[in-house]
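Now for the letters of each chain:
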Amino acid sequence: MEYLLDSKTMKSCDSATANYFGLPSIVLMERAALSVIELIQDKKMKDNILVVCGTGNNGGDGLAIARILYERGYKPIVVLIGSDDSLTKEAAIQKKILEKYKINIESTIPQIEYTTIIDALFGIGLSREVEGIYYENISIMNKIEGCKIAIDIPSGISADTGKVLGIAFQADYTITFGFSKIGLVLYPGCTYCGKIIVKDIGITKDSFLGELPITFTYNKKDLQELPKRKFYSNKGTYGKILIIAGNINMSGAACLAGKSAYFTGSGLVNIFTSSENRIILQSNLPEAVLTCFNSEEEIEELLLESMENVDAIAIGPGCGDNHITRKLLELVIKNTKVPVVIDADGLNALSKGNELLTETDQPIILTPHLGEMSRLTGDDVGKIQSALLNSSKQWVNKYKSILVLKDARTIVTDSNNRVYINRSGNNGMATAGSGDVLTGIITSLIGQGKKPFEAASLAVYLHGLAGDEARKKYGVYSLMASHIIEGISMVLKEIN
Ligand SMILES: NC(=O)C1=CN([C@@H]2O[C@H](COP(=O)(O)OP(=O)(O)OC[C@H]3O[C@@H](n4cnc5c(N)ncnc54)[C@H](O)[C@@H]3O)[C@@H](O)[C@H]2O)[C@@H](O)CC1
Ligand SMILES: [K+]
């Protein structure tokens, strides 16, 4: 698990390191600068190296980098944007040292050729739109040819939201200090970072002073959190789940969700569906146990019976946007004794009256894409997309559920304010049935005993990795949902 910090948490971490542990800021700055020098020397970058500095501590890092470059025999071209009055204490010290060494400090970028452009204009302290001379300089830096290195975060990107505040430096490398930042992971910020390198500069988890960050992401080693297969086990060990899916002409959704659950390790998958799907499901997924209804009158009795003795329930894939789906959803929510995953048409049915969610104490996991989220909240898609984190937090605080808001960076939130931001996956996965596969994975993991928030977060990560495996084999154009299921096994077979 890797923490992702917002600017406020990072600042308190910086300040705890300096004030509580007593490691002076100027020492941290020196280590930050040295970590950048390491990259420059590793990559054998040559003169001319341009270092553009602001007046905050990000600029202080830049001034320290320029001085160390000088110590190592380079002839850095240093530009300071902004007035001396606004220099922070540390940046002012760095500037004085440069002056003592008689290193020239320019106020505009000289029009010469550079090998490397270092952006130390704004770091996590960026607090408003970039305008005037700052805008002009970022625009010039973006136009200059050369390798571009952003210090801590590309100037112009909000560390909290990943938004571009007016303009942003387009980097090839971003060297970020201590911990990664939310703005480096969310769109569009992540498209400005190039390769992100997190450098240890002496700020450790101790500096959270016991108050751990709420936002995180997963890496490959976190797959170890997946349920373990035991030597002595039977199908009951790995959970029995119920998937309510598939209307006439929509059997595929039921099949994809059910198969994904089996591929993720479920012991037994029961599919509740319309009887028109019986033959096709029996031929395509003979491992599933089917409960089929012939008429609306049969639904209640059959469904309640199917809900007995299961470990998790999913409802929605391919159910159709109709009154029967709402009826199914109401029966499930009012009678469930286990966590419920609501997806696709289940979400559309929910949007006819969200207060239904208050009628259960069981964990509910919602998996809307932006369009479904818009129907649930009444907000337009643009508004949700521009504030993914806020929209998610508002929802989970109102309805005590777990929200999996699906986008290029899917976000999982819960009412304990935990936030998972996903980095796996690719644009080939924007294809029909991809969501059904995710629903199958989440439900399977809950059925195997994972707690719902962890199950949802791990499932999103695994789904993305499976999609990445599928991309390797089929490419982004030809990638289909069934290939993602194949990808699940490619990821999982590496684990045990
Ligand atoms: N102990 C520490 O505090 C450390 C801080 N470090 C560096 O310090 C950075 C944070 O430093 P600061 O908090 O000083 O912030 P920044 O250096 O990011 O910039 C803040 C300054 O820019 C101004 N500003 C913000 N938005 C602006 C805009 N749109 N237009 C014009 N001016 C604007 C602010 O008023 C402030 O003066 C980190 O990103 C990191 O690079 C590192 O040196 C490591 C140690
Ligand atoms: K920067």
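Residues numbered from 1 in each chain as written. Chains lettered and ligands numbered in written order. Predicted model: local features only at pLDDT ≥ 70, side-chain atom pairs only at ≥ 80, totals over all residues. Heavy atoms only, no water.

Draft legend 1. Up close: the side chain of Ser374. Within the secondary structure, Ser374 sits in helix H12 (residues 370-377). Those residues within four positions of Ser374 in sequence are excluded, and the remaining contacts are Asp379, Asp380, Val381 and Ile384. (Helix = DSSP H or I, 4+ residues; strand = E, 2+ residues; numbered from the N terminus. Contact = heavy atoms within 4.5 Å.)

Draft legend 2. Broad picture of the site of ligand 1. With respect to spatial proximity, 22 residues lie near ligand 1, and among them Asn57, Asn58, Asp61, Gly123 and Asp152 are the closest. Ile124 places a polar main-chain atom, nitrogen or oxygen, 3.0 Å from an oxygen atom of ligand 1. Within the complex, the protein chains bury 84% of what would otherwise be the 880 Å² of accessible surface of ligand 1. Mapped onto the shell around ligand 1, the elements with two or more residues apiece are helix H1 (7-20), helix H2 (25-42) and helix H3 (57-71). Here the shell around ligand 1 is composed, by residue class, of eight nonpolar, eight polar and six charged. (Near = heavy atom within 4 Å. Polar contact = N/O pair within 3.5 Å; in protein donor to acceptor, adjacent residues only side chain to side chain. Areas by Shrake-Rupley, 256 points an atom, 1.4 Å probe, with all protein chains shown as cover. Nonpolar A, V, L, I, M, F, W, Y, C, P; charged D, E, K, R; others polar.)

Draft legend 3. Summary view of the sheet that holds strand E4 (residues 105-106). One open sheet holds the seven strands; their spatial order is E4-E3-E2-E5-E6-E7-E9, and the pairing between them is parallel. The open sheet is flanked by E4 and strand E9 (195-199), the only strands paired with a single partner. Taken together, the four bridges between strand E5 (residues 116-120) and strand E6 (residues 147-151) define a ladder with parallel strand orientation. The residue of E6 that forms the bridge with Asp119 is Ala150. (Pairing = 2+ DSSP bridges.)

Draft legend 4. Representation of the domain arrangement of the protein chain within the structure. When cut into domains, the protein chain gives domain 1 (2-213) and domain 2 (222-492). Distance between the C-alpha centres of domain 1 and domain 2: 42 Å. On the domain 2 side, the residues contacting the nine residues of domain 1 number seven residues. Around 710 Å² of area is buried between domain 1 and domain 2 when both sides are counted, 68% of it from carbon and sulfur atoms. Area buried by domain 1 at its contact with domain 2 is led by Val185, Leu186 and Tyr187, which between them contribute 55% of it. Taken together, the connections running from domain 1 to domain 2 amount to one salt bridge. The shortest N-O distance in the salt bridge between Glu2 and Arg423 comes to 3.1 Å. (Domains from an automatic or database assignment. Buried area = accessible area lost by both parts, 1.4 Å probe. Salt bridge = Lys/Arg side-chain N within 4 Å of Asp/Glu carboxyl O.)

Draft legend 5. Representation of the coordination of the potassium ion (ligand 2) within the structure. Of the protein atoms, only Asn58 (OD1), Asp119 (O), Asp119 (OD), Phe122 (O), Ile151 (O), Ile153 (O) and Ser155 (OG) coordinate the potassium ion (ligand 2), at distances of 2.6 to 3.2 Å. Donor residues for the potassium ion (ligand 2) sit on one chain with the sequence pattern N-x60-D-x2-F-x28-I-x1-I-x1-S. (Donors = N, O, S within 2.8 Å, 3.2 Å for Na, K, Ca; no water.)

Draft legend 6. Main features of the pairing of strand E17 (residues 402-405). Side chains of E17 alternate between two faces, with Ile402 and Val404 and Leu403 and Leu405 buried alike. Summarising the sheet, strand E16 (residues 364-366) and E17 pair through two bridges and their orientation is parallel. Each residue of the ladder has a partner; that of Leu366, found in E17, is Leu403. Bridge count between E17 and strand E18 (residues 411-413): three bridges; the pairing is antiparallel. Looking at the pairing, Leu403 lines up with Thr413 of E18. (Buried < 20%, exposed > 50% of the residue type's maximum accessible area, 1.4 Å probe, protein only.)

Draft legend 7. View of the side chain of Ser180. One can find Ser180 in strand E8 (residues 180-181). Look at Ser180 and you get buried, because its relative accessible area is 4%. The contact partners of Ser180, leaving out residues within four places of it in the chain, are Glu2, Tyr3, Leu4, Leu5, Val185 and Val198.

Draft legend 8. Looking closely at unusual backbone geometry. In this chain, Asp47 is followed by Asn48 through a cis amide linkage whose omega measures 0 degrees. Secondary-structure assignment places Asn48 in the loop between H2 and strand E2 (49-53). Cis peptide bonds are those with omega within 30 degrees of zero, and the linkage from Tyr187 to Pro188 qualifies with -5 degrees. Mapping Pro188 onto the fold places it in the loop between helix H6 (182-185) and E9. Unlike most non-glycine residues, Lys44 shows phi in positive territory, near 55 degrees. Mapping Lys44 onto the fold places it in the loop between H2 and E2. Here the phi dihedral of Asn309 falls at roughly 55 degrees; this positive angle occurs in a residue that is not glycine. Residue class for Asn309 comes out exposed when judged on its relative accessible area of 66%.

Draft legend 9. Quick peek at the pairing of E5. By the criterion of burial, E5 is predominantly enclosed, with five of the five residues buried. Alternating residues of E5 divide into Thr116, Ile118 and Ala120 and Ile117 and Asp119, and every residue in both groups is buried. Since E5 and E6 lie parallel, the crossover through helix H5 (residues 132-143) that links them has a hand, and here it is right-handed. (Right-handed = clockwise from strand over helix to strand, strands pointing away.)

Draft legend 10. Spatial organisation of helix H9 (residues 299-306). When H9 is considered as a whole, its buried residues turn out to be Ile299, Leu303 and Ser306. Taken down its axis, H9 places every buried residue within 60 degrees of arc, on the same side. For H9, the exposed residues set more than 90 degrees away from the buried face come down to Glu301 and Glu305. For H9, the secondary structure elements touched by its buried residues are strand E11 (240-244), strand E12 (268-274), strand E13 (289-293) and helix H10 (323-335). (Arc of directions from axis to C-beta.)

Draft legend 11. How the structure looks around helix H7 (residues 251-264). With 14 residues, H7 extends 20 Å from end C-alpha to end C-alpha; this agrees with the ideal 20 Å at 1.5 Å per step. Counting buried residues in H7 gives ten out of 14 residues, a clear majority hidden from the surface. Taken together, the buried residues of H7 touch E11, E12, helix H8 (278-284), helix H15 (434-447), helix H16 (452-478) and helix H17 (481-492). Where H7 terminates, the next one or two residues include Gly265, which has phi positive at roughly 120 degrees. (Expected span 1.5 Å × (residues − 1).)

Draft legend 12. The arrangement of the UniProt feature "binding site: AMP" (unreviewed entry) in the protein chain in detail. Residues annotated by UniProt as "binding site: AMP" (unreviewed entry) correspond here to Lys406, Asp407, Ala408, Arg409, Thr410 and Gly435. The greatest C-alpha distance among the annotated residues, which extend across 30 residues, is 14.1 Å, indicating that they converge on a single site. Examined against the element boundaries, Thr410 turns out to sit in the loop between E17 and E18. With a relative accessible area of 9%, Thr410 lands in the buried category. Once residues lying within four places of it in the same chain are set aside, the contact partners of Thr410 are Val404, Leu405, Tyr420, Ile421, Asn422 and Val460. For Thr410, the side chain forms a polar contact with the main-chain oxygen of Asp407, separated by 3.1 Å. Here Gly435 lies in helix H15. (UniProt positions renumbered as here; feature names shortened; annotations may be inferred.)

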